[in-house]
Amino acid sequence: MNKLTRYLTLCLLAALVCLQPGAAQNQPAPKRPNIVFIMSDDHAAHAISAYSGRLNKTPNIDRLAKEGMKFENAFATNSICTPSRAAILTGKYAHLNGVPVFNHIDNSQPMLQKYLQQAGYYTGMIGKWHLGGNRGKEGEPTGFDYWNILPGQGAYFDPMMIEMGERKKLTGYTTDIITDLAIQFIEKRPQDKPFFLMYHHKAPHRNWQPDEKHRKQFENYDPPIPATFDDDYKGKSDAARQSTMHIDADLNDNDLKMKPPAGLTGAELKRWKFRRYMQDYLACVQAVDDNVGRFLDWLDKNGLAENTIVIYTSDQGFFLGEHNFYDKRFMYEEALRMPFLIRWPEKIKPGSVSKGMILNVDFAPTLLDAAGVKTPADMQGRSFLPLLEGRTPPGWRTAMYYRYYHPGHHNVAAHYGIRTDRYKLIYFNKLDQWELYDLRKDPREMRNVYSDPAYAKIVEGLKKELQRLKKEMKDDDQFANELPKDDVG
Ligand code: CA
């Protein structure tokens, strides 16, 4: 063998070795991304400037839109705190995960964090849990290597927290504290595993207590009045009228934290209350934005920005004076829509926007998919990973099913319904009343066209589709007849 032949033979042998099936096992596995799921409580998309610059500026949260993707049609399947959290963790609707109201979760069931933990992730839960942490073992987080949560709703200042079962009182502003703890979790993590962190703010939940810095920033703030502020509910069902979440009638002294100036009545008093509400709400949001900025800067400084998926969302939307409302619950747009921003440099083109319809039950399948874990068969959501890469998978949903059960707070009548890309049909089942909105012609939902003969065919089609979706989601109404008791504080 001459030199050249010997060289070629060696090359051939080397190539054959590389082609052996076992050889791939010696290659390092592709690096799985870390995942940080930032969720605030009751933060409406329209109080984030990436969605709408009308009310405030949130430059830090906006970074995730600039450097990642903004979802314009992310919806909650039940627009209320505890049920949305359960839907996120289980990938299932309330009638299957057992959390339709403010009741604790059966924490023995499979959940997102348990699957990730089994797949080798180091898992953590910091901040607002609100699935029964106040109930000891029965409702505390499971499937987390480390957890440190607020009991129930938690306090805005000097909060009591429960660290791995042990109650500890901390000093400071809760939004800052939760961020400190989130950073500490990552600092102390084992270096040989990817991490999954749920970093959950309490803010800007009612009764909106800002810290001094942000309170001052907004103390003279005069918010623009929403176009639907004086909705008189003409043509709507009785639900809006009989609810108790009205800016004028229902914001109380505890919400407003000061007495209205003497002599204010009627429309003037309503506007004064709205101003007070927005001043505190937006000041709480501003502290969240500052802290998200601090957290993102910390990821940058520690070389973690590239291989970490960062999400910002809220457990549902919120009314900021629209239809004379505060709070959420109704299937109307402002409450139904969740903000959802996601940065993942490896997969997502900076500054991209998706109009794909995604639901809170999709979050678990998507994050599992990102971690290389197949969607468990009993999850009802679907991974939207392809949407992150700019592809809409065949058969992606064009309609979603919604159901609100809660009979108590704010007296919002139970309802369920369907939202498509153009229409929304809502059935207030206890009242036996319907509402239909043509979102293209009436995006603010001011004109109920359910009884308009021009929409008769649309109503017929939507009712069929609603029944189909309800059945597909395995909701047979039985569950709604025996609701559990509120017990999570
Ligand atoms: Ca909430």
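Residues numbered from 1 in each chain as written. Predicted model: local features only at pLDDT ≥ 70, side-chain atom pairs only at ≥ 80, totals over all residues. Heavy atoms only, no water.

Looking at the overall build of the protein chain
Next up, step 1: Each helix and strand in the protein chain was counted, giving 16 helices and 14 strands.
Next up, step 2: Its C-alpha atoms give the protein chain a radius of gyration of 24 Å, within 12% of the compact-globule value 23 Å for 489 residues.
Next up, step 3: Overall, the protein chain is about 105 × 60 × 40 Å in size when its C-alpha atoms are taken along their principal axes.
Next up, step 4: By the burial criterion, 60% of the 489 residues in the protein chain qualify as buried.
Next up, step 5: Partitioning the contacts of the protein chain with sequence separation of at least 6, the portion at a separation of at least 24 is 70%.
Next up, step 6: Just so you have it, the protein chain exposes about 20300 Å², and 53% of that area is on carbon and sulfur atoms.
Next up, step 7: Of the charged side chains in the protein chain, 66 are positive and 61 negative, and the gap between their average positions amounts to 4 Å. (Helix = DSSP H or I, 4+ residues; strand = E, 2+ residues; numbered from the N terminus. Rg over C-alpha atoms; globule rule 2.2 N^0.38 Å. Buried < 20%, exposed > 50% of the residue type's maximum accessible area, 1.4 Å probe, protein only. Contact = heavy atoms within 4.5 Å. Areas by Shrake-Rupley, 256 points an atom, 1.4 Å probe, with all protein chains shown as cover. Lys, Arg positive; Asp, Glu negative; His and termini not counted. Charge placed at Lys NZ, Arg CZ, Asp CG, Glu CD.)

Let's talk about empty space enclosed by the protein
Next up, step 1: Overall, the coordinates contain 2 cavities of 30 Å³ or more when judged by the stated rule.
Next up, step 2: Put simply, the largest cavity is a space of about 60 Å³.
Next up, step 3: Forming the boundary of the largest cavity are 13 residues, of which Thr77, Asn78, Pro83, Tyr93 and Ala94 lie nearest the centre.
Next up, step 4: At the level of elements, helix 3 (81-90) and helix 4 (94-97) are the ones that each hand at least two residues to the lining of the largest cavity.
Next up, step 5: Ranked by the residues each element gives to the lining of the largest cavity, the list is headed by helix 3, at 3 residues.
Next up, step 6: A breakdown of the residues in the lining of the largest cavity according to their chemical character gives 6 nonpolar, 5 polar and 2 charged.
Next up, step 7: Of the pockets and cavities examined, the second largest cavity occupies roughly 50 Å³.
Next up, step 8: Elements that contribute at least two residues to the lining of the second largest cavity include exactly strand 1 (34-40), helix 3, strand 3 (122-128) and strand 7 (195-200). (1 Å grid on protein atoms, 1.4 Å probe; cavity = no way out; pocket = protein on both sides within 12 Å on 5 of 7 lines; lining within 4 Å. Points joined across faces, edges and corners; volume = space filled by probe spheres on them. Nonpolar A, V, L, I, M, F, W, Y, C, P; charged D, E, K, R; others polar.)

Side note on unusual backbone geometry
Next up, step 1: With an omega of -5 degrees, the peptide bond running from Ala203 to Pro204 counts as cis.
Next up, step 2: Its location among the elements puts Pro204 in the loop between strand 7 and helix 7 (212-217).
Next up, step 3: In this structure, Asn207 follows Arg206 across a cis peptide bond, with omega equal to 10 degrees.
Next up, step 4: When you line up the elements, Asn207 lands in the loop between strand 7 and helix 7.

Digging into the sheet that holds strand 4 (residues 146-150)
Next up, step 1: Here 10 strands make up an open sheet; going across it, the order is 6-5-4-3-7-1-8-9-2-10 and the pairing mixed. Looking at strand neighbours, the two that pair on one side only are strand 6 (166-169) and strand 10 (352-359), the edges of this open sheet. Within this sheet the neighbouring strands show an average axis-to-axis angle of 20 degrees, counted without direction.
Next up, step 2: Across 4 bridges, the pairing between strand 8 (residues 308-314) and strand 9 (residues 337-343) is antiparallel. Bridge pairing links Ile311 to Ile342 in strand 9.
Next up, step 3: Contacting strand 2 (69-75), strand 8, strand 9 and strand 10, helix 2 (residues 59-67) runs over the sheet at an angle of about 65 degrees to strand 9. (Pairing = 2+ DSSP bridges. Axes fitted to C-alpha atoms, helices over the stretch in contact; angles between N-to-C directions.)

What about the environment of Ile35?
Next up, step 1: Relative to the helices and strands, Ile35 resides in strand 1.
Next up, step 2: Taking the C-alpha atoms as reference, Ile35 lies 4.7 Å from Ile309; in sequence the two are 274 residues apart.
Next up, step 3: In contact with Ile35, other than residues within four places in its own chain, are Leu116, Tyr121, Phe195, Phe196, Leu197, Thr308, Ile309 and Leu367.

Re the layout of surface pockets
Next up, step 1: When its volume is computed, the largest pocket comes out at roughly 670 Å³.
Next up, step 2: Surrounding the largest pocket, 18 residues form its lining, His46, Glu333, Glu334, Arg337 and Pro443 being those nearest its centre.
Next up, step 3: Secondary-structure elements contributing two or more residues to the lining of the largest pocket are strand 2 and helix 12 (333-336).
Next up, step 4: A breakdown of the residues in the lining of the largest pocket according to their chemical character gives 6 nonpolar, 3 polar and 9 charged.
Next up, step 5: When its volume is computed, the second largest pocket comes out at roughly 260 Å³.
Next up, step 6: Contributing to the lining of the second largest pocket are 18 residues, with Arg397, Ala399, Leu469, Glu472 and Met473 lying nearest its centre.
Next up, step 7: Considering each element in turn, the lining of the second largest pocket owes the most residues, 4 residues, to helix 15 (residues 456-472).
Next up, step 8: Considering only residue class, the lining of the second largest pocket consists of 9 nonpolar, 4 polar and 5 charged.

A short note on the coordination of the calcium ion
Next up, step 1: The protein atoms that coordinate the calcium ion are Asp41 (OD), Asp42 (OD), Cys81 (SG), Asp315 (OD), Asp315 (OD) and Gln316 (OE1), at distances spanning 2.2 to 2.6 Å.
Next up, step 2: Around the calcium ion sit 6 donor atoms, and with donor-metal-donor angles ranging over 52 to 162 degrees the site reads as irregular.
Next up, step 3: You can call Gln316 buried: its relative accessible area is 0%. (Donors = N, O, S within 2.8 Å, 3.2 Å for Na, K, Ca; no water. Tetrahedral: all angles 85-135°; square planar, octahedral: opposite > 155°, others 65-115°.)

A look at the sheet that holds strand 13 (residues 423-428)
Pairing between the strands of a sheet comes from backbone hydrogen bonds, and it takes one of two forms, parallel or antiparallel.
Next up, step 1: Strand order in the open sheet formed by 4 strands is 11-12-13-14, and the pairing between neighbours is antiparallel. With partners counted over all chains shown, the strands left at the sheet margins are strand 11 (399-404) and strand 14 (433-438), one partner each. Ignoring strand direction, the axes of neighbouring strands in this sheet form an average angle of 10 degrees.
Next up, step 2: Direction of pairing for strand 13 relative to strand 14: antiparallel, over a ladder of 6 bridges. Pairing of Leu425 across the sheet is with Leu436, part of strand 14.

Some details on the side chain of Arg422
Next up, step 1: Position of Arg422 relative to the elements: it lies in the loop between strand 12 (415-420) and strand 13.
Next up, step 2: Of note is the side chain of Arg422, whose polar atom sits 3.4 Å from the side chain of Tyr423.
Next up, step 3: Residues within four places of Arg422 in sequence aside, it is in contact with Tyr437, Asp438, Leu439, Arg440 and Lys441. (Polar contact = N/O pair within 3.5 Å; in protein donor to acceptor, adjacent residues only side chain to side chain.)

Some words on the confidence of the model for the protein chain
Next up, step 1: Across the protein chain, pLDDT averages 94, with 94% of residues at or above 70.
Next up, step 2: Mean pLDDT across the elements of the protein chain ranges from a minimum in helix 1 (residues 3-19), with 50, to a maximum in strand 8, with 99.
Next up, step 3: Predicted confidence for residues 11-25 stays below pLDDT 50, and this span has 2 contacts to residues more than four positions away or in other chains. (pLDDT = per-residue confidence, 0-100.)

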